[in-house]
Amino acid sequence: MTTTSPTPTEEAPGAGSPPPRPGGWSTLRPLVLRLHFYAGLFVAPFLLVAAVTGLLYAASFQAEKAVYAHELTVPDVGERKLPVSEQVAAARQAHPEGTVSAVRPSPEADATTRVLLSGVEGVDPDHTLAVFVDPYTAKVRGALEQYGSTGALPLRTWIDEFHRDLHLGEPGRLYSEFAASWLWVIAGGGLVLWFSRRRARRKLRGTSGRRRTLGLHGTVGAWVAAGFVFLSATGLTWSTYAGANIADLRVSLGQTTPSVSASATGGGEHAGHGAASGAGGDAGHGVGLDKVLAAARSEGLGDPVEIVPPADASSAYVVQQVQRSWPEKQDSVAVDPATGQVTDVLRFADYPVLAKLSRWGIDLHTGSLFGLPNQIALMLLAASLILLIVWGYRMWWQRGRGSAFGRPVPRGAWQQVPPALLVPLLAAVAVLGYFVPLLGIPLAPAGPCRS
């Protein structure tokens with residue numbers, strides 16, 4: 001590998017460069033640079049896996065529609081859909097195993113109805129078997145394993161689990177939490193470093209070698225940094241450790257996500273057990289599915305909806321909207337199985353602010369909120385992160401000699417920070433590290449004496 005003559009760089013200003021003016025930023029910049037360098041160096045492999053799997057997941061929504069078109073759609077749109085109870089009966093005749101845990105009536109003219117069965121042998125206990133029924137003929141068009149509230153089928157489920165935990169279960173989730181914990185730090189640090197450079201040194205035209213790589217890395221990073229911070233923040237909300245801290249904080253602030261009361265006698269406190277309580281339900285209990293759905297429609301619940309049978313004799317049916325695209329439909333009602341009367345209503349408009357923000361953030365993170373444009377934006381973010389990682393390692397290589405990687409950023413950055421800035425900075429890092437453990441733990445061994 002040939003080397004080029006040294007040029008002024010981020011790490012080593014040229015000999016003709018004026019000395020930095022004393023001040024807060026001039027003392028903090030070496031620390032930010034060192035943190036950005038080492039965080040990028042050691043966290044980049046985890047981020048690369050998250051970016052590649054995230055790109056695949058964003059693409060899986062459209063791939064799922066193509067791969068499972070036979071199950072998801074009907075061959076001919078009829079004039080009138082059959083009662084939901086008849087569709088469920090057809091599904092149970094074809095698949096008598098397990099119990100009906102939920103029913104998702106056909107939400108569109110050409111879409112099938114999903115009858116979800118739990119406790120089916122050979123199906124993951126956390127998943128259900130979705131039986132797809134033609135709503136016009138009651139013919140079963142297939143059955144597939146389904147996971148999650150978005151109704152992910154096998155392809156998307158496999159990619160989702162790969163992105164979330166590398167198919168390693170709970171221990172594997174640490175990789176994604178580690179990546180999410182550091183992504184915003186790397187993005188924020190890079191953004192600050194980029195805008196702190198003199199405008200003349202940000203130009204790409206006419207540059208070559210390491211300076212051009214740095215320009216590409218910085219320019220693309222500056223454009224997508226806000227997206228990375230968003231992905232990091234929303235990804236942490238359902239992580240193992242940081243996610244638990246966020247959940248505790250929401251509880252203390254009274255900002256948890258409410259659920260409709262599943263008691264057959266009502267109560268209106270929105271403190272019921274929600275959809276999860278229907279695992280042992282009976283789809284034909286009481287007044288039946290058709291009257292329950294009609295009662296929900298009378299409360300304004302439009303498609304798509306999910307009907308959850310009562311968990312036991314003292315529980316109600318729960319009908320909830322499951323649309324995650326904008327505008328979101330998340331209203332839910334409880335219906336007494338004995339009378340068919342609505343006993344409780346919960347509107348998404350009545351959710352606490354943080355509950356709404358959490359819902360929107362998660363759906364935007366997963367590509368559901370704005371459909372295809374949302375998914376394309378996520379794929380572009382993932383591709384940008386992959387490029388930034390490649391350029392980052394290339395810059396390190398270009399700092400080297402011959403075929404060796406380059407020198408690390410000089411040590412001693414902490415010692416340059418005056419106590420008036422260092423003490424509050426350490427306090428902020430300690431608090432942040434407590435709430436985001438996979439950020440704080442790696443920082444602990446790299447204290448001031450080692451920096």
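Cut-offs used in this document
- Residues numbered from 1 in each chain as written.
- Predicted model: local features only at pLDDT ≥ 70, side-chain atom pairs only at ≥ 80, totals over all residues.
- Heavy atoms only, no water.
- Helix = DSSP H or I, 4+ residues; strand = E, 2+ residues; numbered from the N terminus.
- Buried < 20%, exposed > 50% of the residue type's maximum accessible area, 1.4 Å probe, protein only.
- Contact = heavy atoms within 4.5 Å.
- Salt bridge = Lys/Arg side-chain N within 4 Å of Asp/Glu carboxyl O.
- Axes fitted to C-alpha atoms, helices over the stretch in contact; angles between N-to-C directions.
- Parallel < 35°, antiparallel > 145°, perpendicular 65-115°, else oblique.
- Nonpolar A, V, L, I, M, F, W, Y, C, P; charged D, E, K, R; others polar.
- Pairing = 2+ DSSP bridges.
- pLDDT = per-residue confidence, 0-100.
- Phe/Tyr/Trp six-rings, centres within 6.5 Å; stacked < 30°, edge-to-face > 60°.
- Patch = residues over 30% accessible without salt bridge, like charges linked within 9 Å, V, L, I, M, F, W, Y side chains within 5 Å.
- Areas by Shrake-Rupley, 256 points an atom, 1.4 Å probe, with all protein chains shown as cover.
- Polar contact = N/O pair within 3.5 Å; in protein donor to acceptor, adjacent residues only side chain to side chain.
- 1 Å grid on protein atoms, 1.4 Å probe; cavity = no way out; pocket = protein on both sides within 12 Å on 5 of 7 lines; lining within 4 Å.
- Points joined across faces, edges and corners; volume = space filled by probe spheres on them.
- Arc of directions from axis to C-beta.
- Expected span 1.5 Å × (residues − 1).

Asks: I'd like a description of the environment of Ala382, backed by residues and values.
Replies: Position of Ala382 relative to the elements: it lies in helix 10 (residues 371-398). Owing to a relative accessible area of 8%, Ala382 belongs among the buried residues under this scheme. Put simply, Ala382 and Ala51 are 331 residues apart on the chain and 4.8 Å apart in space, counted from C-alpha to C-alpha. With near-sequence residues (within four places) excluded, Ala382 lies in contact with Ala51 and Leu55.

Asks: An account of the environment of Gln93 is needed here, citing residue identities and associated values.
Replies: Counting through the fold element by element, Gln93 comes out in helix 3 (residues 84-94). For Gln93 and Val140, which are 47 residues apart along the polypeptide, the C-alpha to C-alpha distance reads 9.6 Å.

Asks: Give me the lowdown on the pattern of salt bridges, citing residues and values where you can.
Replies: Inspection of the entire model under this criterion finds 9 salt bridges. Arg164 is the partner of Asp160 in a salt bridge, and the nearest nitrogen-oxygen pair spans 2.9 Å. Of this pair, Asp160 and Arg164 both sit in helix 4 (residues 154-165), 4 residues apart, which is roughly one turn of that helix. Judged by its relative accessible area of 16%, Asp160 falls in the buried class. You can call Arg164 buried: its relative accessible area is 17%. Of the charged contacts, one joins Arg359 and Asp363 as a salt bridge, the two residues approaching to 3.0 Å between their closest N and O atoms. Of this pair, Arg359 and Asp363 both sit in helix 9 (residues 353-366), 4 residues apart, roughly one helical turn. Take Asp363: its relative accessible area is 0%, and that puts it in the buried class. Ionic contacts of the salt-bridge type, sharing partners, join the residues Glu299, Asp331 and Arg347 into one network.

Asks: Break down the packing of helix 4 against helix 5 (residues 173-196) for me, citing the residues and quoting the values.
Replies: The packing of two helices is summarised by the inter-axis angle and the distance between the axes. The interhelical angle for the contact between helix 4 and helix 5, taken along N-to-C directions, is 65°, at an axis separation of 6 Å. Put simply, helix 4 runs roughly perpendicular to helix 5. Between helix 4, through Phe162, His163, Arg164 and Asp165, and helix 5, the contact on the second element is made entirely by Arg173, Tyr175 and Ser176. Tallied by class, the residues present in the contact of helix 4 with helix 5 amount to 2 nonpolar, 2 polar and 3 charged.

Asks: Outline the pairing of strand 7 (residues 332-335), supporting the account with residue identities and numerical values.
Replies: Sheet faces and side chains relate simply in a regular strand, where the side chains alternate between the two faces. On strand 7, burial covers both faces: Ser332 and Ala334 on one face and Val333 and Val335 on the other are all buried. Judged from the 4 bridges that link them, strand 6 (residues 317-321) and strand 7 form a sheet pairing that is antiparallel. Of the residues in strand 7, the one forming a bridge with Val318 is Ala334. Count of turn residues in the strand 7/strand 8 (residues 342-346) antiparallel hairpin: 6 residues, of which Gly340 carries a positive phi of about 75°.

Asks: Please give an account of the confidence of the model for the protein that cites residues and values.
Replies: Residues of the protein with pLDDT of at least 70 account for 84%, and the chain-wide mean is 87. Counted against residues more than four places away or in other chains, residues 1-17, with its pLDDT under 50, gives 23 contacts. Across residues 271-280, confidence stays below pLDDT 50; counting only partners more than four residues off in sequence or on other chains, it has 25 contacts.

Asks: Can you lay out the packing of aromatic side chains for me, pointing to particular residues and giving the numbers?
Replies: By the definition in use, this model includes 11 aromatic pairs. Aromatic side chains Trp158 and Phe162 sit 5.3 Å apart centroid to centroid with 45° between the ring planes, which places their arrangement in the tilted category. Here the residue Trp158 and the residue Phe162 both occupy positions in helix 4, the gap between them amounting to 4 residues, near one helical turn. By relative accessible area, Phe162 is classed as partly exposed at 26%. The interplanar angle of 85° and the centroid separation of 5.3 Å between the aromatic rings of Tyr434 and Phe435 together place this pair among those described as edge-to-face.

Asks: Please provide a residue-by-residue account of a nonpolar patch on the surface, values included.
Replies: A contiguous nonpolar patch, built from Leu249, Leu253, Val353, Leu354 and Leu357 and spanning about 450 Å² of accessible area, is present on the exposed surface. With 3 residues, helix 9 is the single largest residue contributor to the nonpolar patch.

Asks: If you had to explain the side chain of Gln255 to someone new, which residues and values would you point to?
Replies: Its location among the elements puts Gln255 in the loop between helix 7 (241-252) and helix 8 (289-298). With a relative accessible area of 17%, Gln255 lands in the buried category. Only 3.1 Å separates the side chain of Gln255 from the backbone nitrogen of Val353, close enough to count as a polar contact. In this structure the side chain of Gln255 is engaged in a polar contact, spanning 2.8 Å, whose partner is the backbone nitrogen of Leu354. The contacts of Gln255, once residues within four sequence positions are left out, are Arg250, Pro352, Val353, Leu354 and Ala355.

Asks: Explain empty space enclosed by the protein residue by residue, including any values.
Replies: A complete count under the given rule lists 1 cavity of 30 Å³ or more for this structure. Reported here for the largest cavity is a volume of approximately 640 Å³. What lines the largest cavity is a set of 33 residues, and nearest its centre among them are His36, Ile186, His217, Gly392 and Met395. The set of elements that each furnish at least two residues to the lining of the largest cavity consists of helix 1 (24-67), helix 5, helix 6 (209-236) and helix 10. Ranked by the residues each element gives to the lining of the largest cavity, the list is headed by helix 6, at 8 residues. When grouped by side-chain class, the residues that make up the lining of the largest cavity number 21 nonpolar, 7 polar and 5 charged.

Asks: Kindly report on helix 3, identifying the contributing residues and their values.
Replies: Within helix 3, burial applies to Val84, Gln87, Val88, Ala90 and Ala91. One side of helix 3 holds all its buried residues, which, seen down the axis, span an arc of 155°. Residues of helix 3 that are buried make contact with strand 1 (99-104), strand 2 (113-118), strand 3 (128-133), strand 4 (140-146) and helix 8.

Asks: Explain helix 9 residue by residue, including any values.
Replies: An ideal rise of 1.5 Å per residue puts 20 Å on 14 residues; helix 9 measures up with 20 Å between its terminal C-alpha atoms. Those residues of helix 9 not exposed but buried are Ala355, Lys356, Ser358, Arg359, Gly361, Asp363, His365 and Thr366. Where helix 9 terminates, the next one or two residues include Gly367, which has phi positive at roughly 90°.

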